Amino acid sequence: MKGPILTNTTTDDLDLGFDPDALREKYRQERDRRIRPDGTAQYRRTHGEFGYCAKDPYTPWGERAPRTDTVEVLVIGAGFGGLLTAAKLRDAGVASVRLMDEAGDVGGTWYWNRYPGIHCDIESYLYMPLLEETGYMPQWRYAPGEEIRRHAVRIAEQYDLYRDTAFHTRATELRWDEEQAHWLVRTDRGDEMHARYVVVSSGTLSQPKLPGIPGIEEFQGHTFHTSRWDYGYTGGDAEGGMTGLADKRVAVVGTGATGLQAIPEIAADAAQLYVFQRTPSSVDVRDNRPTDPEWAASLQPGWQRELMENFLAILSGEEVEEDLVQDGWTATPALQRKMITGRLDTSLDPAERERRDEIADFAVMNRIRSRVGDVVEDPATAEALMPWYRYMCKRPGFSDLYLQAFNRDNVTLVDTADHGGVTRMTQNAVVVGSDEYEVDCVIFATGFETGVSGVVSGTLPAHGRDGIALLEAWSRGPRTLHGFTSHGFPNLFHLGSLQNANSVNFVHILTEQAQHISAMVSAARERGARYVEPTREAEQRWCDTLQDVAVDNSEFLAECTPGYYNGEGTRTGASTSYAPGPVAFHQLLADWREDSMDEVLVIGTGGSPSDHEVARSDFVGQGAA
Ligand code: NDP
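Owing to the predicted nature of the structure, the values given are computational and were not obtained by experimental measurement. Per chain, residue numbering runs from 1 following the sequence as it is written. Local features in a predicted model are, by the rule used here, given only for residues with pLDDT of at least 70; side-chain atom pairs are given and counted only at 80 or more, and totals for whole chains, interfaces and linings are based on all residues. Side-chain metrics rest on all non-hydrogen atoms present in the structure, leaving aside hydrogens and water.

Student: What am I meant to see in the side chain of Glu568 here?
Tutor: Mapped onto the fold, Glu568 is located in the loop between α18 (554–559) and α19 (582–595). Put simply, Glu568 is tucked away with no salt bridge, and the nearest opposite charge, on Arg278, sits 4.4 Å away. Every residue pair with non-hydrogen atoms within 4.5 Å of one another is taken to be in contact. Each residue touching Glu568, except ones within four places of it in the same chain, is listed here: Gly39, Thr40, Gln42, Tyr43, Arg278, Pro562 and Gly563. Runs of H or I in DSSP of at least four residues are treated as helices and runs of E of at least two as strands, each being numbered from the N terminus. Think of it in three bands: residues with accessible area under 20% of the maximum for their type are buried, residues over 50% are exposed, and the middle band is partly exposed, with areas taken using a 1.4 Å probe on protein chains only. Think of it this way: Lys and Arg go in the positive column, Asp and Glu in the negative one, and His and the chain ends go nowhere. In what follows, salt bridge is the name for a side-chain nitrogen of Lys or Arg lying within 4 Å of a carboxyl oxygen of Asp or Glu.

The following block contains the structure:
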């Protein structure tokens, strides 16, 4: 890679081979080119006239009568979080578990996202859950999406979770009935279900969003979002073979993790492909390969947990003897800790730690930029594909096909950075500045609304004891015990990273969450408890703990190029997860299950509504409403 930024300069870092001051300045300029005053308001929701972009293209919608029945546990969301929780509950002997989802089947993100080229970007051996329990071995190191979706189905079948499901159903309201000690769950299908326990695992990146491009509604050609792929139009499947595109001029808007995977497949099948890029992704080596049968045969029981824990420990900054995964993620743990919680090296003072992190970040990004120059033949295209920001400002990308696609004659990169994105659309074209690109089809790889799902955002109102709305109880910020439960909202459990843990291998986090929720429900059942709820004191202690250990990453976020990680350049502050990281958090949960679980259990002897009042544990008695 050439250019003044990588040549030696004047600072103390002469031996680095690059000038940190110049890089810092370049990053700033590139960020300023992209900051938009409208921030997150630049996007359109997939509602109203754009509602078709969120419709389910995979499973036909069937009419059914509203249900007014009772289940013991209702799990909202049938992605891996919901499936794992339901599976653990089954293991614990809970027979009455209902999965509910807006989708037509299980799988969550892997149900919706079926675009060509889709793959997991975490090693499948540690990403795909319950491999030993189901006796399944992934065929590839990074599994294709369809293999992962089928694995979700396998889990549902093995744990008999299809027995009682409510698909194509959206919960619209949760209301606690104190007398009956259960939740009334209303849905968009007119249901009024009753559930002793409700588990909300509805994900955070699920509602597709569209760019608010002027004239987007005027376009007369074909359009769809990558998470609702229209194979009826393109032909083929996730492995390619999209013969319907053979005579089409296709535009793809967006070059995030989805664009990286879909673009090489579209490039192979379309007559002409225009890629509209605003910010280039970082694209590191993928090195996907089929599973080695000898390696698979050599594995001893407990291998998956060992791999998962090794990966999580490395990314969380814990000491390990060996890196069992050795991929792009385990090579950059210190850089990831800018965005994802974990143990910080406290032997260094914060300024020195930051200096070292920044130098390491520059070095990794220089290597990634060099790779663009090595792979992409046209120098102007290569220059436009180079990412100028710190590693974790955006989700890091990996591909051995993406950059190569720009060497094809039928692929054109259109850089929209100077215009804040695509300028406008007409009846038959996508316009950037004064250049018009006539196309037959526009595919939006423009990502998802963040945090719109579930009770936390208010899209699913939850009314707890005395009718109090959850968001009202949280008017001065979220209040939970360990992210799972809140005072005043008995028997309601949340999955997710809020006041809990986070990792790029989020399925590992979900696995621990499922185990923890199952343990709480099991303990309540064993003791004949009517409900599980934290005391106000326990909740307050957890909020205080989170605040005491919080690490503020405002400066990092403010300097980042805009994206959903920093609210399109508007978000600063501390992470909402437990800052010492997931390994420490999981240990804390295990200790708590062992020593302190009674703090949240309200012991009732069953039967009459007043039982729990007299039998409340001392801990709860002090702060209960
Ligand atoms: P992203 O939000 O990451 O990317 C959206 C893209 O659309 C960006 O490149 C954005 O540019 C671009 N864009 C938005 N508006 C415009 C506009 N007006 N003009 C031009 N370009 C525009 O969405 P993805 O679907 O790619 O990824 C979302 C998340 O899903 C990932 O971060 C990851 O967590 C997950 N994912 C995981 C995968 C896996 O393998 N595990 C695969 C795919 C996704 P800009 O960057 O400038 O805003």
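Student: Mind showing me how you'd approach unusual backbone geometry here?
Tutor: With the exception of glycine, most residues fall at negative phi, and the peptide bonds are largely trans. Even without being a glycine, Asp160 presents a positive backbone phi close to 55°. In this structure, Asp160 sits in the loop between α6 (145–158) and β4 (165–166). The class of Asp160 is partly exposed, set by a relative accessible area of 33%. Positive phi outside glycine occurs at Asp287, with the angle close to 55°.

Student: Is there a simple way to think about the sheet that holds strand β14 (residues 411–415) in this case?
Tutor: One key point about sheets: their strands pair by backbone hydrogen bonds, in either a parallel or an antiparallel sense. Strand pairing is assigned whenever DSSP identifies at least 2 bridges connecting the two strands. The sheet built from five strands is open, its strands ordered β9-β18-β10-β11-β14 with parallel pairing. Two strands in the sheet have a free side with no partner beyond their single neighbour: β9 (222–225) and β14. The average undirected angle you get between the axes of adjacent strands in this sheet is 20°. Taken together, the five bridges between strand β11 (residues 272–277) and β14 define a ladder with parallel strand orientation. Within β14, the residue paired with Tyr274 across the bridge is Thr412. Most of the contacts of helix α8 (residues 257–269) go to β11, to which it runs at about 155°, and overall it touches β10 (249–253), β11, β14 and β18 (441–444). Comment: axis = line fitted to C-alpha atoms, over the contacting stretch for helices; angle = value between 0 and 180 degrees taken between N-to-C directions.

Student: Can you help me understand the pairing of strand β16 (residues 429–432) in this one?
Tutor: Remember that side chains alternate between the two faces of the sheet whenever the strand is regular. With burial as the criterion, each face of β16 is covered, one bearing Ala429 and Val431 and the other bearing Val430 and Val432. Where strand β15 (residues 424–425) lies against β16, two bridges are found, and the strand directions are antiparallel. Directly across from Arg424, in β16, lies its bridge partner Val431. What sits between β15 and β16 in their antiparallel hairpin is a turn of three residues.

Student: Where do I start with the site of the ligand in this structure?
Tutor: Inspection of the region around the ligand gives 25 residues, with His119, Thr258, Thr279, Lys394 and Tyr564 positioned closest. Under this definition, polar contacts are N or O atom pairs within 3.5 Å; protein pairs additionally need one hydrogen-donor-capable and one acceptor-capable atom, and for neighbouring residues in sequence, both atoms have to be side-chain atoms. A distance of 3.0 Å separates an oxygen atom of the ligand from a polar atom in the backbone of Ala257. Within the side chain of Thr279, one N or O atom sits 2.5 Å away from an oxygen atom of the ligand. Coverage of the ligand by the protein amounts to 89% of the 910 Å² it exposes when considered alone. In terms of residue count, α8 provides more of the shell around the ligand than any other element does, three residues in total. Consider each residue's heavy atoms; a residue with any of them within 4 Å of a molecule or strand counts as near. Areas reported as accessible are Shrake-Rupley estimates using a 1.4 Å probe. Residue values count occlusion only from the protein chains shown.

Student: Mind showing me how you'd approach the sheet that holds β15 here?
Tutor: Spatially, the three strands line up as an open sheet ordered β15-β16-β17, and their pairing is antiparallel. The sheet is open, and its two edges are formed by β15 and β17 (435–438), each paired on a single side. One ladder, built from four bridges, connects β16 with β17; its direction is antiparallel. Bridge pairing links Ala429 to Glu438 in β17.

Student: Help me understand empty space enclosed by the protein, please; the structure alone is not making it clear to me.
Tutor: Over the atoms a probe the size of a water molecule is rolled, and this reveals where empty space is left. Here a cavity is any set of points on a 1 Å grid over the protein atoms alone where a 1.4 Å probe fits but cannot get out, and a pocket is any open set with protein on both sides within 12 Å along at least 5 of 7 lines; a residue lines the site when it has an atom within 4 Å of a point. Grid points are joined across faces, edges and corners, and a volume is the space filled by probe spheres set on the points. Inspection of the entire model under this criterion finds two cavities of 30 Å³ or more. In this structure, the largest cavity encloses a volume near 130 Å³. Forming the boundary of the largest cavity are 14 residues, of which Arg24, Tyr27, Arg390, Glu559 and Cys560 lie nearest the centre. Residue assignment for the lining of the largest cavity shows that the elements contributing at least two residues are α1 (20–34), α12 (350–375) and α18. Of all the elements, α1 adds the most residues to the lining of the largest cavity, at four residues. For the lining of the largest cavity, the class distribution of residues is seven nonpolar, one polar and six charged. Its volume calculated, the second largest cavity comes out at about 50 Å³. Polarity classes work like this: nonpolar for Ala, Val, Leu, Ile, Met, Phe, Trp, Tyr, Cys and Pro, charged for Asp, Glu, Lys and Arg, and polar for all others, with Gly in that last group.

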